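Residue-level listing of the chains:
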Amino acid sequence: MGNGNSREAKESRRSRLRHKLQKFRIHRRHLRSSRNSAGMVIQRTVSAEDFSGIALLTLIGAEMKFKDKWLACVSFGEQTFRTEISDTTQKPIWNSEKKLLLEKNGPSLARVSVFETNRVARNKIIGYCELDIFDFVVQEPESTCKSFNLLDPTSSNVVGSIFLSCAIEDPVETERRFAKRILSIMDYNEDGQLSFSEFSDLIKAFGNLVAANKKEELFKAADLNGDGVVTIDELAALLALQQEQEPIINNCPVCGEALQVSDKLNAMIHMTLCFDEGTGNQVMTGGFLTDRQASYGWMFKLSEWTHLSTYDVGLNTGSSASYIVVIDRKSKRLVEELIDSKIVLSMRAIYQSKIGLRLMDQGAKEILQRLSEKQGKKMSSVESAQKIPRFLEFFKDQINMAEVKYPLQHFKTFNEFFIRELKPGARPIACMNRNDVAVCAADCRLMAFQSVEDSTRFWIKGKKFSIRGLLGKNVNPNAFLDGSLVIFRLAPQDYHRFHVPVSGVIEQFVDVSGSLYTVNPIAVNSKYCNVFTENKRTVAIISTSEFGKVAFVAIGATMVGSINFVRKEGEHVKKGDELGYFSFGGSTVICVFEKDAIRIDNDLLVNSGRSLETLVSVGMQLGVSTRTFARSTLI
């Protein structure tokens, strides 16, 4: 009878938790739909009791189309985990698991990537799938094995299948599992119980001096039945009671990290994740930022060990500027930007040293200009079309040909492909009927700052940067001084047409001559270089009713043959309309808003405050006119 009641209680808790998840999933979809149709997105705060939980994701195995040694990676939010490498087979088996923390406002989309591992330095991605963890646990209440198609990153063709399961545990189960894990570590004589000496060692590991000084009193409090030992149920009761009344766990007994004692739920979650207590399957290896980093071979690990490179988010300069990691706004997942290693080394040599920039001053600027012009002509030749397949292969998982307007054979030169158009509807425009909502102007890596001062503190390190210098001598800068700044950096693999971020009238175009430095963060973050105020650029001034004047600055870069606009002065444009395009190369757009004219979306500001670029697409919401907020306040 007791076991039956226990199972019923367990099922009841799981049912209640699934019900909460179901409501949460509907709530998330409501937010998405209201963003597309009703206008401005309303940010909502959610109480802790509305949802909390941990998902146990297990990668069971896969079926591929050829034999190889395989590994799989799971990317969730800002973390990536990997399995061990399988034997040479067409059907790898991993049975590898990881616990994922589910948060109301956190990530929900997990990406699973499968790599073949016959490369020395860099393994090759073969296929991937994405799953919404919340949807999965609602539809599959138990830890049921389910098959997902693996898609080729370039063509979206099915290249195999992967089998996985996912189960969720509620806080009560989390607490009991944690107590069980504690017992297994501290139970030296393996009798399933804690003696007083074992209990004393546990209390010391919690790092609470007050608790350590009264461990005898605590032991008596935990020993509910007075048998002289502490069982799992008694320990669970102690932890729950003490954490509620007077927390006894100040430090995680595994990693030693200080815990927020006032937040008992997150303290328990932290320790549960730290223990990685599961079903006995192999636990995935963590500590990676992206699936690419997790899949690198031993050559990459050797370069890290010898400090030839570092791998981190945020502002990296000098020898640290080897890898660029950005966060995907849609999936809230970290992504590595692909750059040829030879180009990285040359950029570091030039832009992160006084000697390199001295060479620039002694004639290298003219060399870059001639090289860019020559490369622009070369990429417009018929022979250049032969480079397209190799380009697609290098950026295999970062270019989606399924959304390109024309098939590959349509492009007769590389530049035609580079300035490719997308299918209608490929980039939905947020809040299309509301001119008080600004949108992202390009597929790009975005940095946003409410003030120029913030931009120079977190990102732009050139000593001479100013709004006046950015706009040039022929544009009156007064309206934009102390204004908000948004930087849209386009990488070579991006869709290279830029769009209007706000609705209004184009007052004027002003060309500003200059150099062609790279706009890569390696140069932007250099204190020796002033990329944005020295590069060739065109300034468009857009007059709007909702934001006042907006300066749209299209900046050329190394290998960019030209900046092309498809609109004219005096023309009325709607947000989302195509404004122009860059020919071959990386490039950047900067939008400057008048002071206090826009309230930029908070997630963009938070990422930028971490010196972390956000991967966005054309049409995503950028911010809302402050005049909208002023009107709503008056009402």
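Residues numbered from 1 in each chain as written. Predicted model: local features only at pLDDT ≥ 70, side-chain atom pairs only at ≥ 80, totals over all residues. Heavy atoms only, no water.

With an unreviewed UniProt entry as reference, the chain is termed Phosphatidylserine decarboxylase proenzyme 2, source organism Arabidopsis thaliana. You can read under Function (unreviewed entry) in the UniProt record for the chain the words "Catalyzes the formation of phosphatidylethanolamine (PtdEtn) from phosphatidylserine (PtdSer). Plays a central role in phospholipid metabolism and in the interorganelle trafficking of phosphatidylserine. Contributes only to a minor proportion of PtdEtn production." Word for word, the UniProt comment on the chain under Catalytic activity (unreviewed entry) is "a 1,2-diacyl-sn-glycero-3-phospho-L-serine + H(+) = a 1,2-diacyl-sn-glycero-3-phosphoethanolamine + CO2". (UniProt positions renumbered as here; feature names shortened; annotations may be inferred.)

(A) View of the overall build of the chain. Counting secondary structure elements, the chain contains 20 helices and 26 strands. Taking the contacts inside the chain whose residues are at least 6 apart along the sequence as the reference set, 71% of them involve residues at least 24 apart. (Helix = DSSP H or I, 4+ residues; strand = E, 2+ residues; numbered from the N terminus. Contact = heavy atoms within 4.5 Å.)

(B) Seen up close, the confidence of the model for the chain. Mean pLDDT over the chain stands at 76; residues scoring 70 or higher make up 67%. Within the chain, the lowest mean pLDDT, 40, falls on helix α10 (residues 298-305), and the highest, 98, falls on strand β13 (residues 437-439). Every residue in residues 23-51 scores below 50 in pLDDT, and together they form 42 contacts with partners more than four places removed in sequence or on other chains. Below pLDDT 50 for its whole length, residues 298-311 participates in 29 contacts with residues either more than four positions away or in separate chains. (pLDDT = per-residue confidence, 0-100.)

(C) Local environment of the sheet that holds strand β24 (residues 598-600). Pairing is antiparallel in the open sheet, where three strands are placed in the order β13-β26-β24. Looking along the sheet, the strands with just one partner apiece sit at the ends: β13 and β24. Taking the axes of each pair of neighbouring strands and ignoring which way they run, one obtains an average angle of 30° across the sheet. As paired strands, β24 and strand β26 (residues 621-625) are joined by three bridges and run antiparallel to one another. The residue of β26 that forms the bridge with isoleucine 598 is serine 625. (Pairing = 2+ DSSP bridges. Axes fitted to C-alpha atoms, helices over the stretch in contact; angles between N-to-C directions.)

(D) Inspection of the packing of aromatic side chains at higher detail. Across all of its chains, the model carries 16 aromatic pairs by this definition. Taking the centre distance of 6.1 Å and the plane angle of 80° together, the rings of phenylalanine 391 and phenylalanine 417 count as edge-to-face. Of this pair, phenylalanine 391 sits in helix α13 (residues 388-394) while phenylalanine 417 sits in helix α14 (residues 414-418); the two residues are 26 residues apart in sequence, bridging distant segments of the chain. Judged by relative accessible area, phenylalanine 391 falls into the buried class, the value being 12%. A network of ring pairs unites the aromatic residues Phe391, Phe394, Phe395, Phe411, Phe414, Phe417 and Phe418 as a single cluster. Here the guanidinium or amino end of arginine 497 rests over the ring plane of tyrosine 581, the centre of that ring lying 4.9 Å away. (Phe/Tyr/Trp six-rings, centres within 6.5 Å; stacked < 30°, edge-to-face > 60°. Buried < 20%, exposed > 50% of the residue type's maximum accessible area, 1.4 Å probe, protein only. Lys NZ or Arg CZ within 6 Å of the ring centre and 35° of its normal.)

(E) Examining helix α6 (residues 215-222) more closely. Taken together, the buried positions of α6 are occupied by Leu218, Phe219 and Ala222. All buried residues of α6 lie within an arc of 105° about the axis, which places them on one face of the element. Among the exposed residues of α6, those oriented more than 90 degrees off its buried face are Glu216, Glu217 and Lys220. (Arc of directions from axis to C-beta.)

(F) Looking closely at the sheet that holds strand β19 (residues 549-555). Spatial strand order, β12-β11-β25-β14-β15-β23-β19-β18-β17-β21: ten strands in an open sheet with mixed pairing. Looking at the sheet topology across the chains shown, the edges are occupied by β12 (333-337) and β21 (572-573). For β19 and strand β23 (residues 587-593), the ladder comprises six bridges, and the chain directions are antiparallel. Considered in β23, the bridge of alanine 554 is made with valine 589. Helix-sheet contacts for helix α19 (residues 602-609) involve β11 (324-328), β14 (444-449) and β25 (614-616), and the interaxial angle to β14 is about 90°.

(G) Local environment of the nonpolar core. The biggest cluster of nonpolar side chains holds 32 residues, and the ones touching the most others in it are Leu446, Val486, Phe488, Phe498, Phe552, Phe593 and Leu622. Listed by contribution, the elements that provide at least two residues to this core are β14, β15 (484-490), β18 (537-543), β19, β22 (578-582), β23 and β24. Beyond its immediate stretch of four places on either side in the chain, phenylalanine 488 contacts Cys440, Ala441, Ala442, Cys444, Arg445, Leu446, Ser587, Thr588, Val589, Cys591 and Leu622. Counting 31 residues, the second largest nonpolar core, distinct from the first, contains Phe76, Phe136, Ile168 and Met284. (Core = buried A, V, L, I, M, F, W, Y, C linked by side-chain atoms within 4.5 Å.)

(H) Spotlight on the UniProt feature "modified residue: Pyruvic acid (Ser)" (unreviewed entry) in the chain. Under the UniProt annotation, the feature "modified residue: Pyruvic acid (Ser)" (unreviewed entry) is placed at Ser587. Of note, serine 587 is situated in strand β23.

(I) Main features of unusual backbone geometry. Not every positive phi belongs to a glycine, and lysine 332 is a case in point at roughly 60°. Examined against the element boundaries, lysine 332 turns out to sit in the loop between β11 and β12. Overall, lysine 332 belongs to the partly exposed group, its relative accessible area being 34%.

(J) Layout of the packing of helix α4 (residues 196-205) against α6. At their nearest, the axes of α4 and α6 sit 10 Å apart, and the two run at 115° to each other. Classified by the angle their axes make, α4 and α6 are roughly perpendicular. Where α4 crosses over α6, the two elements pack in a sense that is right-handed. Between α4, through Phe196, Phe199, Ser200 and Ile203, and α6, the contact on the second element is made entirely by Lys215, Glu216, Leu218, Phe219 and Ala222. (Parallel < 35°, antiparallel > 145°, perpendicular 65-115°, else oblique. Left-handed = near helix turned anticlockwise from the far one by under 90°.)

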